[in-house]
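Structural description and commentary
Given next are the chains, with one letter for each unit.
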Amino acid sequence: MDVRVYRSAEEASSAAAAHIAALVARKHEAVLGLATGDTPLLLYRQLIALVRSGGLDLSRTTTFNLDEYVGLSGDDPRSYGHYMRTNLFDPVGIDLARTHVPDGLAPDVEAECEAYEHAIAAAGGIDLQVLGIGADGHVGFNEPTSSLGSRTRIKTLTRRTRADNARFFESPDDVPLHVLTMGIGTILDSREVLLLAFGDGKADAVARTIEGPVGAIVPASALQLHRNVRVLLDDGAASRLALRAYYDEVAANLPP
Ligand code: PGA
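In this text, all values refer to a predicted model and were calculated from it rather than measured experimentally.

Take the site of the ligand next. Around the ligand sit Gly37, Asp38, Thr39, Gly132, Ile133, Gly134, His138, Arg167 and Lys202, and that is every residue in its neighbourhood. Between the ligand and the protein, one listed contact pairs an oxygen atom with a backbone N or O atom of aspartate 38 at 2.9 Å. In the complex, 83% of the free accessible area of the ligand, which totals 280 Å², lies under the protein chains. Comparing atom positions with the cavity grids shows the ligand to sit within the largest pocket.

Of the two faces of strand β7 (residues 153-156), the one holding Arg153 and Lys155 is buried and the one holding Ile154 and Thr156 is not buried anywhere. As judged from the 4 bridges shared by β7 and strand β8 (residues 178-181), these two strands associate in the antiparallel manner. Residue pairing in the sheet places threonine 156 in a bridge with histidine 178 of β8.

Take the layout of surface pockets next. Rolled over the atoms, a probe sized like a water molecule indicates the empty space that remains. Of the voids in this model, the largest pocket is the one considered here, and its volume is about 430 Å³. Taken together, 23 residues line the largest pocket, and the ones lying closest to its centre are Thr36, Gly37, Ile133, His138 and Lys202. The class makeup of the residues in the lining of the largest pocket is 9 nonpolar, 9 polar and 5 charged.

Attention now goes to the environment of histidine 28. On the secondary structure map, histidine 28 appears in the loop between α1 (9-26) and β2 (31-34). Residues histidine 28 and aspartate 57 lie 29 residues apart in sequence; the distance between their C-alpha atoms is 7.7 Å. Aside from chain neighbours lying at most four places away, what touches histidine 28 is Arg60 and Thr61.

Turning our eyes to something else, we now look at the sheet that holds β7. Here 3 strands make up an open sheet; going across it, the order is β4-β8-β7 and the pairing antiparallel. Pairing within the sheet leaves two strands with one partner each, and these edge strands are β4 (67-69) and β7. Across the sheet, the mean angle from the axis of one strand to that of its neighbour is 30°, orientation sign disregarded.

Conventions we followed
Residues numbered from 1 in each chain as written. Predicted model: local features only at pLDDT ≥ 70, side-chain atom pairs only at ≥ 80, totals over all residues. Heavy atoms only, no water. Near = heavy atom within 4 Å. Polar contact = N/O pair within 3.5 Å; in protein donor to acceptor, adjacent residues only side chain to side chain. Areas by Shrake-Rupley, 256 points an atom, 1.4 Å probe, with all protein chains shown as cover. 1 Å grid on protein atoms, 1.4 Å probe; cavity = no way out; pocket = protein on both sides within 12 Å on 5 of 7 lines; lining within 4 Å. Sits in = over half its atoms within 2 Å of the grid points. Buried < 20%, exposed > 50% of the residue type's maximum accessible area, 1.4 Å probe, protein only. Helix = DSSP H or I, 4+ residues; strand = E, 2+ residues; numbered from the N terminus. Pairing = 2+ DSSP bridges. Points joined across faces, edges and corners; volume = space filled by probe spheres on them. Nonpolar A, V, L, I, M, F, W, Y, C, P; charged D, E, K, R; others polar. Contact = heavy atoms within 4.5 Å. Axes fitted to C-alpha atoms, helices over the stretch in contact; angles between N-to-C directions.

Below you can see the structure in the form of structure tokens.
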């Protein structure tokens, strides 16, 4: 993996935004896979700033989000559909018809998940997938022991994830138990992955993802099987990496 450690989450997010802007400049019709949570907020702020300054045109891009809570409509302020409109889609003025978030109210969950996979394929596949990581090593909402070949489907959240996400709800018990999420297999099919992680709370999951064995107990470790993953970290998230000095040396001496 291509591991880059930055002085701050802001610097890492700027680097991620510049990387995405360069991709979209090369390929106006790029298909972006997007994440929610606290981690990508600075990245989205940077993308909005780039669009406003004329440095990025997202009008022809298509987006697919990783996941959504079952039982919440996209208009619910706690839903990821609402998060995306507030934090990226509305500020950049992207045509919402080009954006996709799984439908948490779909009456036929299996059909919704299958349709989501078909829509990704029909768009030509995901060019670049943005990922955060859970403290338990989940990506999307693929909780520990998710099948490494999994596709978009319904999953049950762990108590830990529901507690971590309780800040958006009145209490952990109000966090939906079920979610629709792209699978690990779906994520591995994307052509490129940018994984962002910030803060000490992610250090253990990050170390196990990059340096631990590949296994379903740390779902993000499946990214070791992907050919084009860049991990962007701050010092806190990098603090448990055994080979930190090596990653810094590689980044300072990139091959020509
Ligand atoms: P966070 O969540 O960005 O809010 O820390 C990441 C995740 O759970 O994947």
